[in-house]
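Residue-level listing of the chains:
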Amino acid sequence: FTDASGGTVRVSRAGDELGSPTRAFVETKSTLNTDWYLGDWSARLSLRYLSSLDEQCVGLVADFELTEFCSDGAAGNELDSVIYTDVQASWNPAGLMGGGLTFTLGVENLFDEEPPVCFSCDLNSLDGTVYPIAGQFLYGRVIFETQ
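Read on for an overview of the structure.

Calculation rules
Residues numbered from 1 in each chain as written. Predicted model: local features only at pLDDT ≥ 70, side-chain atom pairs only at ≥ 80, totals over all residues. Heavy atoms only, no water. Helix = DSSP H or I, 4+ residues; strand = E, 2+ residues; numbered from the N terminus. Buried < 20%, exposed > 50% of the residue type's maximum accessible area, 1.4 Å probe, protein only. Contact = heavy atoms within 4.5 Å. Areas by Shrake-Rupley, 256 points an atom, 1.4 Å probe, with all protein chains shown as cover. Pairing = 2+ DSSP bridges. Axes fitted to C-alpha atoms, helices over the stretch in contact; angles between N-to-C directions. Phe/Tyr/Trp six-rings, centres within 6.5 Å; stacked < 30°, edge-to-face > 60°. Polar contact = N/O pair within 3.5 Å; in protein donor to acceptor, adjacent residues only side chain to side chain. Patch = residues over 30% accessible without salt bridge, like charges linked within 9 Å, V, L, I, M, F, W, Y side chains within 5 Å. Salt bridge = Lys/Arg side-chain N within 4 Å of Asp/Glu carboxyl O.

**Some thoughts on the overall build of the protein**
Right, on to step 1. Scanning the protein from terminus to terminus reveals one helix and nine strands.
Right, on to step 2. Listed N to C, the secondary structure of the protein is β-β-β-β-β-α-β-β-β-β in terms of helices and strands.
Right, on to step 3. Of all 147 residues assigned to the protein, the portion counted as buried reaches 29%.
Right, on to step 4. In the protein, the share of contacts with a sequence separation of at least 24, taken over all contacts with a separation of at least 6, comes to 60%.
Right, on to step 5. With an accessible surface of roughly 9,500 Å², the protein has 55% of that area assigned to carbon and sulfur atoms.

**Focus on the sheet that holds strand 9 (residues 137-144)**
Right, on to step 1. Here we have five strands laid out as an open sheet, ordered 3-4-7-8-9, and antiparallel in their pairing. Two strands bound the open sheet, and with one partner strand each, they are strand 3 (29-38) and strand 9. Between one strand axis and the next, the sheet turns through 15 degrees on average, direction left out of account.
Right, on to step 2. Bridge analysis of strand 8 (residues 101-108) against strand 9 gives eight bridges, and the strand direction is antiparallel. In the sheet register, T102 faces strand 9, and the bridge partner there is I143.

**Points about the packing of aromatic side chains**
Right, on to step 1. Following the criterion strictly, the structure yields three aromatic pairs and no others.
Right, on to step 2. Centroid distance F137 to Y139: 6.1 Å. Interplanar angle 25 degrees. Geometry classified as stacked.

**Here's the deal with the side chain of T102**
Right, on to step 1. You can see T102 is positioned in strand 8.
Right, on to step 2. Relative accessible area serves as the criterion here: at 16%, T102 is assigned to the buried category.
Right, on to step 3. One polar contact links T102 to N92, side chain to side chain, over a distance of 3.0 Å.
Right, on to step 4. When neighbours within four sequence positions are excluded, T102 is seen to be in contact with S90, W91, N92, R141, V142 and I143.

**Some thoughts on a nonpolar patch on the surface**
Right, on to step 1. Together, W41, W91, L96, M97, F103, V142 and F144 line one region of the surface with nonpolar side chains, adding up to about 710 Å² of accessible area.
Right, on to step 2. Note that F144 resides in strand 9.
Right, on to step 3. On the basis of relative accessibility, which here comes to 49%, the residue F144 falls in the partly exposed class.

This is the structure in structure tokens:
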């Protein structure tokens, strides 16, 4: 932003959750994928990591006098780091349609990890720009490829 003298001031937001309208700046966000193959079968294990955030418990939270819910009162709230575990298994039978079919089943958020509660966020105490909606997501997929 620009200060009173017309100069530019750099503000570091890494690790901050600024609430509504939802704005979060995750410092570290990473994904690790590990794949295994055996014949017609494959499997994937994915770990998705989001580092902790410091929520500023002012504005909406202070206006409703709900800062006692924040871990540090009006000073702020820490949204803990989270790791989501995803798994999937695939079968690509070489003898079926020339190997052009692949069947996949998977689960996102295998251990049903809950996103941290954000008191100043306006989407059911969730920052949907950073965290997935709570719960597991089961899926199936069929891929047909022609040679």
